[in-house]
Amino acid sequence: MALHQHRLFMSAVLLMATWSGLALSAESGAVRQVTTQPLAEVVIYPRSSAPAVVLSLNESRISPEIDALVKTIAVRVGDRVNKGDALLTLVCDDFRLQLNQTQAATDAAQARLEWLAAQLKRSESLRSSDSLSEELLQQRRSDLKVAEAERAVATTNVSIAKLNTERCSVTAPFAGVVVARLVSEGEWVSAGTPVVTLLDTQRLELSAQVGVHETEGLRQAKIVEFVTQEERYPLTLRAMPEKIDSKLRQREVRLNFTASTPLPGQVGRLEWQNGTPHLPADLPVKRSGRLGVFVVQQGKAQFIALPDAMEGRPASAAPLPANARVVMEGRHSLRDGDQVKVAD
């Protein structure tokens, strides 16, 4: 009796094992039902942003080029000026007198030069008739050369005096806004002493700190803008200095404004639309520690890893073929190589 029961028990165990094997075999060969979409319908072009500030290329401390008293200051803090506008004038009576003196010296040198030239011409005529010695003729020629040199010196002195007179008015080297007055009327200033601080309002650029992983997307972006509460300003990328903040994993970028410009020092956000196709952040799944997506190839699910994918962020679609059909519903339970049936 006991032997008969033992045989029945073993038969039941074998039957259950057979059924389990058949079930596992059926499970492993099961056809998974999924839905797919063409890659072109799945991809997005994400927008990214980073804090940014408008910088002026010039914030200059303007100085006179001569030593003199300040006569008048023509600007106040906050005034806008154009290139060439007077910022202040200096007391320059001495320089004007010097200009008159050098001009008179030049006139005298010119008169002496003309007289000596006439003398040389007569001497050459007399020499041809042997009425003048060769030694005296050479002396006249030498005197003329000295007179030419003296006139050249006098002319140079006039140019210097004119330049100093022009420097009596300190002008704006570029269009901008006055941000500081550093001297007062009646003060003595020396050449090189800053008198006004001028901020360039035309030559501006944007500085922003961008995550290292986003720099390539910015390079390829079709739309790049500086965004404030009031306006959006179009930009073009100018440079990415070869320096990375190792702690924050950020890199500075510099951009040029292509149309209107904001005020220097204004803060806002750099925004750009990535020019390369990306997959939505919730689409990739993880298999064997790697993020990727499933595509359908000849009735089977193929897992394609996305090397640069990060959880919670859109991932570049570059590893996928352009004609790929991406698995949408049913992707979470798929394994690489599973047989699939695409639902209509």
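See the structure above.
Just so it is clear, the structure is predicted and the values come from calculations on it, not from any experiment.

Visitor: Got a minute to help me understand the sheet that holds strand β8 (residues 169-171) in this structure?
Guide: For sheets, the rule is that strands pair by backbone hydrogen bonds, running either parallel or antiparallel. Spatially, the four strands line up as an open sheet ordered β8-β7-β5-β10, and their pairing is antiparallel. Unpaired on one side and paired on the other, β8 and β10 (188-189) mark the two borders of the sheet.

Visitor: Would you explain the nonpolar core in this entry?
Guide: Counting residues in each nonpolar core, the largest one holds 22 residues, and the members touching the most others are V70, V75, L87, L88, L90 and L198. For this core, the elements supplying multiple residues, two or more each, are β5 (68-73), β7 (86-90) and β11 (196-200). Beyond its immediate chain neighbours, meaning those up to four positions away, L88 contacts V70, T72, I73, A74, C168, S169, V170 and V195. Counting residues in hydrophobic clusters, the runner-up holds 19 residues, among them L204, V210, A221 and V253.

Visitor: In this structure, what is going on with the sheet that holds β11? I would like to understand it.
Guide: What the four strands build is an open sheet, ordered β4-β11-β9-β6; its pairing is antiparallel. Looking at the sheet topology across the chains shown, the edges are occupied by β4 (59-62) and β6 (80-81). Inspection of the sheet shows β6 paired to strand β9 (residues 176-181) by two bridges, in the antiparallel sense. If you follow V81 over to β9, its bridge partner there is G176.

Visitor: Which parts of the structure should I look at to understand the state of the cysteines?
Guide: Two cysteines joined by a covalent bond between their sulfur atoms form a disulfide. All told, the structure shown has one disulfide when counted by the stated rule. Disulfide pairing places C92 opposite C168 at an S-S distance of 1.8 Å. For the disulfide bridge between C92 and C168, the dihedral angle about the S-S bond is near -115°, and by the sign convention the bridge is left-handed. Separated by 76 residues along the polypeptide, C92 in the loop between β7 and α3 (93-128) and C168 in the loop between α4 (134-166) and β8 bring together distant segments of the chain. Just as C92 is buried, C168 falls in that class too.

Visitor: I tried to follow the pairing of strand β20 (residues 290-297) on my own but got confused; where do I start?
Guide: Remark: a regular strand shows side chains that alternate across the two faces of the sheet. Across three bridges, strand β19 (residues 285-287) lies against β20 in antiparallel orientation. Counted as the bridge partner of R287 is R290 from β20. The hairpin formed by β19 and β20 contains two residues between the paired strands, and S288 there has a positive phi angle of roughly 55°. Note: β20 against strand β21 (residues 300-305), six bridges, orientation antiparallel. What sits directly across from Q297, in β21, is K300. In sequence, β20 turns back onto β21 through a hairpin of two residues, with Q298 there showing a positive phi of about 50°.

Visitor: Help me understand a nonpolar patch on the surface, please; the structure alone is not making it clear to me.
Guide: On the surface, a cluster of nonpolar side chains totalling about 290 Å² of accessible area is made up of L69, V91 and W188. Secondary-structure assignment places V91 in the loop between β7 and α3. Looking at V91, the relative accessible area reads 36%, which means it is partly exposed.

Visitor: How should I be thinking about the side chain of E214 in this particular structure?
Guide: Mapped onto the elements of the fold, E214 is located in the loop between β12 (204-211) and α5 (215-219). At 4.4 Å, R313 is the nearest oppositely charged side chain to E214, a buried residue that forms no salt bridge. Side-chain polar atoms of E214 contact the side chain of S48, separated by 3.5 Å. If near-sequence neighbours (up to four positions away) are discounted, E214 is found in contact with S48, W272 and R313.

Here is what the cut-offs are and how they apply
- Residues numbered from 1 in each chain as written.
- Predicted model: local features only at pLDDT ≥ 70, side-chain atom pairs only at ≥ 80, totals over all residues.
- Heavy atoms only, no water.
- Pairing = 2+ DSSP bridges.
- Helix = DSSP H or I, 4+ residues; strand = E, 2+ residues; numbered from the N terminus.
- Core = buried A, V, L, I, M, F, W, Y, C linked by side-chain atoms within 4.5 Å.
- Buried < 20%, exposed > 50% of the residue type's maximum accessible area, 1.4 Å probe, protein only.
- Contact = heavy atoms within 4.5 Å.
- Disulfide = S-S within 2.5 Å.
- Patch = residues over 30% accessible without salt bridge, like charges linked within 9 Å, V, L, I, M, F, W, Y side chains within 5 Å.
- Areas by Shrake-Rupley, 256 points an atom, 1.4 Å probe, with all protein chains shown as cover.
- Salt bridge = Lys/Arg side-chain N within 4 Å of Asp/Glu carboxyl O.
- Lys, Arg positive; Asp, Glu negative; His and termini not counted.
- Polar contact = N/O pair within 3.5 Å; in protein donor to acceptor, adjacent residues only side chain to side chain.

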